[in-house]
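# A closer look at the structure
Okay, here's what each chain looks like letter by letter:
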Amino acid sequence: MTTAIFPAATAIDATAIDATSGGHPDARFAVAGRPLSAVTGAEIQAPLIQGGHVRYANLDYGASAPALSVVSAYLNEILPFYASVHRGAGYASQISTSVYENARSIVRGFVGGRADDAVIFTRNTTDSLNLLAGCLPVRGGKHTGEVLYLDIEHHANLLPWQKVPHRSVVAAPTLAATLERLRGELAHGGISLLAVTGASNVTGEILPIRALAALAHEYGARIVVDAAQLAPHRRINIAADDVDYLAFSGHKLYAPFGAGVLVGRPDWLDAGTPHLAGGGAVLDARLDTVSWTTGPARHEGGSPNVLGAATLARATEVIAALDEEQWHAHENAIRSILVEGLQRIDGVSVHQIFSDTEQGAGTIGVVNFSVAGYDAGLVAAYLSAEHGIGLRDGRFCAHPLLRRLGLPSGSLRASFGLGSRLEDAQRVLAGIQELRQTGLGWDYVVDAGRWVPSNDSRSYPHWAPNTPGTAGAAPCSLD
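Let me sum up the structure you'll find in this document. (Residues numbered from 1 in each chain as written. Predicted model: local features only at pLDDT ≥ 70, side-chain atom pairs only at ≥ 80, totals over all residues. Heavy atoms only, no water.)

Within the chain one finds 13 helices and 21 strands. Computed over C-alpha atoms, the radius of gyration of the chain comes to 23 Å, within 12% of the 23 Å expected from 2.2 N^0.38 for 479 residues, which places it in the range of a compact globule. Here the C-alpha coordinates of the chain stretch approximately 70 × 55 × 45 Å along the principal axes. Considering the chain as a whole, with its 479 residues, one finds that 53% of them fall into the buried category. Sequence-distant contacts, at least 24 apart, represent 72% of the contacts inside the chain between residues at least 6 apart. Separation of charge centres in the chain, based on 35 positive and 45 negative side chains, amounts to 4 Å. (Helix = DSSP H or I, 4+ residues; strand = E, 2+ residues; numbered from the N terminus. Rg over C-alpha atoms; globule rule 2.2 N^0.38 Å. Buried < 20%, exposed > 50% of the residue type's maximum accessible area, 1.4 Å probe, protein only. Contact = heavy atoms within 4.5 Å. Lys, Arg positive; Asp, Glu negative; His and termini not counted. Charge placed at Lys NZ, Arg CZ, Asp CG, Glu CD.)

Before going further, it helps to spend a moment on the pattern of salt bridges. Tallied over the full model, the rule gives 24 salt bridges. As a salt-bridge pair, Arg167 and Glu185 come within 3.1 Å of each other at their nearest N and O atoms. Of this pair, Arg167 sits in strand E8 (residues 166-169) while Glu185 sits in helix H5 (residues 175-187), and the two are 18 residues apart along the sequence. The exposure class of Glu185 is partly exposed, given its relative accessible area of 21%. (Salt bridge = Lys/Arg side-chain N within 4 Å of Asp/Glu carboxyl O.)

Here the focus is the side chain of Asp151. Positionally, Asp151 belongs in the loop between strand E7 (146-150) and E8. Within the structure, Asp151 has its side chain in polar contact with the backbone nitrogen of Ala171 (distance 3.0 Å). (Polar contact = N/O pair within 3.5 Å; in protein donor to acceptor, adjacent residues only side chain to side chain.)

A word on the packing of helix H11 (residues 376-387) against helix H13 (residues 422-438). The geometry of a pair of packed helices is captured by two quantities: the angle between their axes and the separation between those axes. At a minimum axis separation of 11 Å, H11 and H13 run at an interaxial angle of 110°. Taken together, the axis directions place H11 and H13 in an arrangement best described as roughly perpendicular. As for how H11 packs across H13, the hand of that crossing is right-handed. On the side of H11, the interface is formed by Val379, Tyr382, Leu383 and His387, while H13 contributes Arg427, Gly431, Ile432, Glu434 and Leu435. Here the contact of H11 with H13 is built from residues that sort into five nonpolar, two polar and two charged. (Axes fitted to C-alpha atoms, helices over the stretch in contact; angles between N-to-C directions. Parallel < 35°, antiparallel > 145°, perpendicular 65-115°, else oblique. Left-handed = near helix turned anticlockwise from the far one by under 90°. Nonpolar A, V, L, I, M, F, W, Y, C, P; charged D, E, K, R; others polar.)

When the terminal C-alpha atoms of H5 are compared, their 18 Å separation across 13 residues agrees well with the 18 Å that a helix rising 1.5 Å per residue should span. Here the buried face of H5 lies against E7, E8, strand E9 (191-197) and helix H6 (209-218). Positioned one or two residues after H5, Gly189 has a phi angle of 85°, which is positive. (Expected span 1.5 Å × (residues − 1).)

A few words on the packing of helix H3 (residues 91-110) against helix H9 (residues 306-320). Running from N to C, H3 and H9 cross one another at 40°; their axes reach a closest spacing of 8 Å. In terms of their interaxial angle, H3 and H9 are classed as oblique. Regarding H3 and H9, the two cross each other, and that crossing is left-handed. The segment H3 lies against H9, with Ser96, Val99, Tyr100, Ala103, Ile106, Val107 and Phe110 engaging Val306, Ala309, Ala310, Leu312, Ala313, Thr316, Glu317, Ile319 and Ala320. For the contact of H3 with H9, the per-class residue count stands at 13 nonpolar, two polar and one charged.

Here is the structure:
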């Protein structure tokens with residue numbers, strides 16, 4: 001693992017990062033000075049601890065992205081017709097069923113799925129991968145092979161495999177060497193499934209899924225890709241890349257609600273244990289026996305999240321229509337401005353996994369960093385309270401990776417996307433620069449595991465419980 005620690009440089013004015021060169025403005029401001037797509041909530045005002053309000057700078061897309069405005073409008077359009085699917089002859093039920101089933105076709109097309117690939121709607125990426133873990137081939141009461149994964153995975157692509165025979169590989173300092181380590185482990189034999197991330201949720205580094213798929217298949221294994229972070233930032237074509245299974249989530253793909261999806265080859269899924277035993281998943285049920293159906297319904301017991309599936313599908317349509325060059329240029333401009341600015345601030349370290357990662361082409365809109373002398377949670381609280389900026393701190397549900405990076409107590413993650421603008425990156429840089437130069441502007445205390453401003457008099461909207469700070473920290477962010 002590599003932690004990229006950049007040398008101290010002359011202090012910068014983060015608000016002047018768009019300084020001209022040779023009389024010509026930085027071209028990055030022409031492509032990312034404004035959001036690429038409209039998102040719901042883009043102009044909400046955040047109260048500042050010192051008084052006043054400022055536009056909320058949302059740099060936490062990697063946790064949950066705001067809904068695209070087009071998707072919000074679509075939700076309002078279909079909401080009056082919401083009804084239970086597959087269970088009614090009524091007008092609204094028929095419309096909801098049509099919308100729900102059509103969402104499968106839309107999602108299959110979005111990821112370049114094969115004609116016979118199953119599209120199963122789940123709660124989220126974690127749910128999808130747990131579902132697949134219950135469908136690994138078994139013969140004579142024993143699994144026919146092990147699952148192989150790297151130590152850089154999000155918990156969603158780590159913990160489900162601990163329930164079945166598995167092996168892990170420690171990532172090498174370079175991506176090229178890591179692939180060779182995986183080859184060596186696959187060559188030993190006995191691997192039925194290679195589980196990899198498409199892009200790291202911690203550092204934003206992209207893994208070469210086509211090369212990994214070829215590697216897995218060379219040794220008789222299948223591959224599943226956790227695309228929760230990749231899908232909102234890059235085109236995916238599982239047929240062209242020869243990927244067997246792919247999982248991602250709507251809440252990271254600019255869709256509201258907690259819908260996820262698993263797309264992939266149907267044979268394992270049709271033979272696997274139904275993920276949810278319940279109505280809709282059966283052909284026939286008796287008091288003490290059951291005959292299960294095949295296809296997506298086998299794993300979608302109970303009433304499905306119709307609106308979640310529908311809005312997820314609508315979001316994929318919007319993303320599929322983006323101009324790819326413009327899309328990547330917008331994101332790369334924000335990322336490069338942020339990384340370059342952080343590199344110039346004394347005491348700030350930008351972290352990455354592989355030393356041979358190509359910035360831009362090899363990364364998505366995620367930047368991980370830390371500030372010397374400050375707990376990550378305190379920096380996040382400071383940026384929120386004093387600058388109206390939201391970003392993530394902690395261990396990002398990737399504890400083994402954070403330990404490998406030498407960050408056992410956590411770090412900071414700025415993540416962005418279609419609704420972001422360069423001003424958001426500038427504000428982060430200005431806030432960090434101010435912190436390094438003058439320190440905190442307010443007193444902070446730890447409340448229920450999280451840093452919060454002391455004597456916080458800010459209020460929430462009238463419809464929200466006015467209890468700032470009492471929610472506490474997520475268990476996975478604590479040691």
